Amino acid sequence: MPTETVPSQAPPRPPVALHGLTKRYGAGDGEVTALDAVDLAFARGTLTAVMGPSGSGKSTLLHCAAGLERPTSGRIVIDGTDLGGLDETGLTLLRRDRVGFVFQAFNLVSALTAEQNVALPLRLAGRRPDPADVARALAGVGLADRARHRPGGLSGGQQQRVAIARALIGRPAVLFADEPTGALDTVTSQTVLTLLRGLVDDRRQTVIMVTHDPVAASFADRVVFLADGRIADETTSRTDAPAVAARMATLEARTR
Ligand code: ADP
Ligand code: MG
């Protein structure tokens, strides 16, 4: 009898893995360790919130993980590619093809319509955007009827949804968001967070979001708390806003 082959039990490769990620700014007396040997992996189809006091390294973590900034040491692996092995051109291509990024301030091009903004990454990549893809991306964020509007004619929440559609048009392995609801009111924030949650649940999108808002973090599958560039605490299942706020308060009391 031939022996049956046992299916591989190896866990699936995470879209993003950080190994000993360290980032220092400045030199000598002015040297700041923004990230201190951080190890983290982000599983496919999960929403992770990154929290922590101001200056704890949240933005640095996101910028390094997204290939926007080079670390001082450590490794960043996105979709199986070690960023350390890429030259500037390779890094630019990886950012363009594998990574989406959403900012607090939306960063839309004010002279372009919503659909032109969404199509922009494809145009910059020298590809001819398929209007059906662009329309689908806008419909996916609930803005099918706003395609011809410019950012100035859209609410903040609508602008952020256009920015999310733009970030997703290239089908990135991971979507990074730095305080995506930081400039929005409570009600509008809910719309954006529900959208991000839906991307994870319906499309298995991987999302990593920096936030200072416990309500935003309550949408996440996992909350990573940073303090002084290190992981200080972590939740591993959905946690309601009061419980997130309590853990933040504990952390702030400890690091004060
Ligand atoms: P957070 O997003 O959690 O507020 P940051 O990642 O922006 O924190 O910053 C972490 C630390 O690194 C802080 O001490 C900050 O002052 C420092 N830092 C961040 N960016 C720079 C930079 N470009 N030059 C010098 N120091 C920086
Ligand atoms: Mg920041």
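Quick note: structure is the one above.
Keep in mind that what you see is a predicted model, and the values were worked out from it rather than measured.

Side note on the overall build of the chain
Move 1: Looking only at helices and strands, one finds eight helices and 10 strands in the chain.
Move 2: A compact globule built from 256 residues should have a C-alpha radius of gyration of about 18 Å, and the chain, at 19 Å, falls within 12% of that.
Move 3: Here the C-alpha coordinates of the chain stretch approximately 65 × 50 × 45 Å along the principal axes.
Move 4: The burial tally for the chain puts 46% of its 256 residues in the buried class.
Move 5: Residue pairs in contact within the chain that sit at least 24 positions apart in sequence constitute 68% of those at least 6 positions apart.
Move 6: Surface accessibility of the chain: about 12700 Å² in total, with carbon and sulfur atoms responsible for 51%.
Move 7: Here the chain contributes 29 positive and 27 negative side-chain charges, whose respective centroids are spaced 6 Å apart.

Quick look at the sheet that holds strand β2 (residues 32–42)
Move 1: Taken in spatial order, the four strands of this open sheet run β2-β1-β4-β5, and their pairing is antiparallel. Taken across any chain shown, the strands that pair with only one partner, and hence form the sheet edges, are β2 and β5 (81–82).
Move 2: For strand β4 (residues 73–78) and β5, the ladder comprises two bridges, and the chain directions are antiparallel. Each bridged residue has a counterpart across the sheet, and for Ile78 the counterpart in β5 is Thr81.

Concerning the side chain of Ser56
Move 1: By the element assignment, Ser56 lies in the loop between β3 (47–51) and α1 (58–65).
Move 2: Sequence-distant contacts of Ser56, that is, excluding residues within four places in its chain, are made with Ala34, Leu226, Ala227, Asp228 and Gly229.

Section: the pairing of strand β8 (residues 207–210)
Move 1: Burial along β8 is two-sided: the face carrying Val207 and Met209 and the face carrying Ile208 and Val210 are both buried.
Move 2: In the sheet, β3 pairs with β8 via four bridges, with the strands oriented parallel. When the sheet's bridge partners are listed, Thr48 is paired in β8 with Ile208.
Move 3: In this fold, strand β7 (residues 174–178) hands off to helix α6 (residues 186–203), which returns the chain to β8; that crossover is right-handed.

Overview of the side chain of Thr235
Move 1: For Thr235, the position within the fold is in strand β10 (residues 230–235).
Move 2: We classify Thr235 as buried; its relative accessible area is 3%.

Re the sheet that holds strand β6 (residues 99–102)
Move 1: The strand order across the open sheet built from six strands is β6-β7-β8-β3-β9-β10, with neighbouring strands paired in mixed fashion. Two strands in the sheet have a free side with no partner beyond their single neighbour: β6 and β10. Between one strand axis and the next, the sheet turns by 20° as a mean value, whatever way the strands run.
Move 2: Seen against the sheet, α1 touches β3, β6, β7, β8 and β9 (222–227) and runs at an angle of roughly 150° to β7.
Move 3: Contacts between helix α5 (residues 156–168) and the sheet are confined to β6 and β7, with β6 contributing the most and set at about 165° to the helix.

Analysis parameters
Position numbers for residues start from 1 in each chain and track the written sequence from start to end. The naming scheme follows written order: chains are lettered A onward, ligands numbered 1 onward. With the structure being a predicted model, the display of local features is reserved for residues of pLDDT at least 70 and the display and counting of side-chain atom pairs for 80 or more, all residues being used for whole-chain, interface and lining totals. Only hydrogens and water are set aside; all other atoms, that is, all heavy atoms of the structure, feed into the side-chain values. Segments assigned H or I by DSSP are reported as helices when at least four residues long, segments assigned E as strands when at least two residues long, and all are numbered from the N terminus. The globule rule is 2.2 Å times the number of residues to the power 0.38, and the radius of gyration it is compared with is taken over C-alpha atoms. Classification of residues uses two cut-offs on accessible area relative to the type maximum, computed with a 1.4 Å probe and protein chains only: under 20% is buried, over 50% is exposed, and between them is partly exposed. Here a residue-residue contact requires only that any non-hydrogen atoms of the pair lie within 4.5 Å. Residue burial considers only the protein chains on display, and all accessible areas are found by Shrake-Rupley using a 1.4 Å probe. Charge assignment: positive for Lys and Arg, negative for Asp and Glu; neither His nor the chain ends contribute. A single reference atom marks each charge: NZ on Lys, CZ on Arg, CG on Asp, CD on Glu. Strand pairing follows a simple DSSP-based rule, namely that at least 2 bridges must link the two strands. If you view a crossover with the strands going away from you and the path from the first strand over the helix to the second runs clockwise, you call it right-handed. To define axes, lines are fitted to C-alpha atoms, for helices over the stretch in contact only, and angles between the resulting N-to-C directions are given on a 0 to 180 degree scale.

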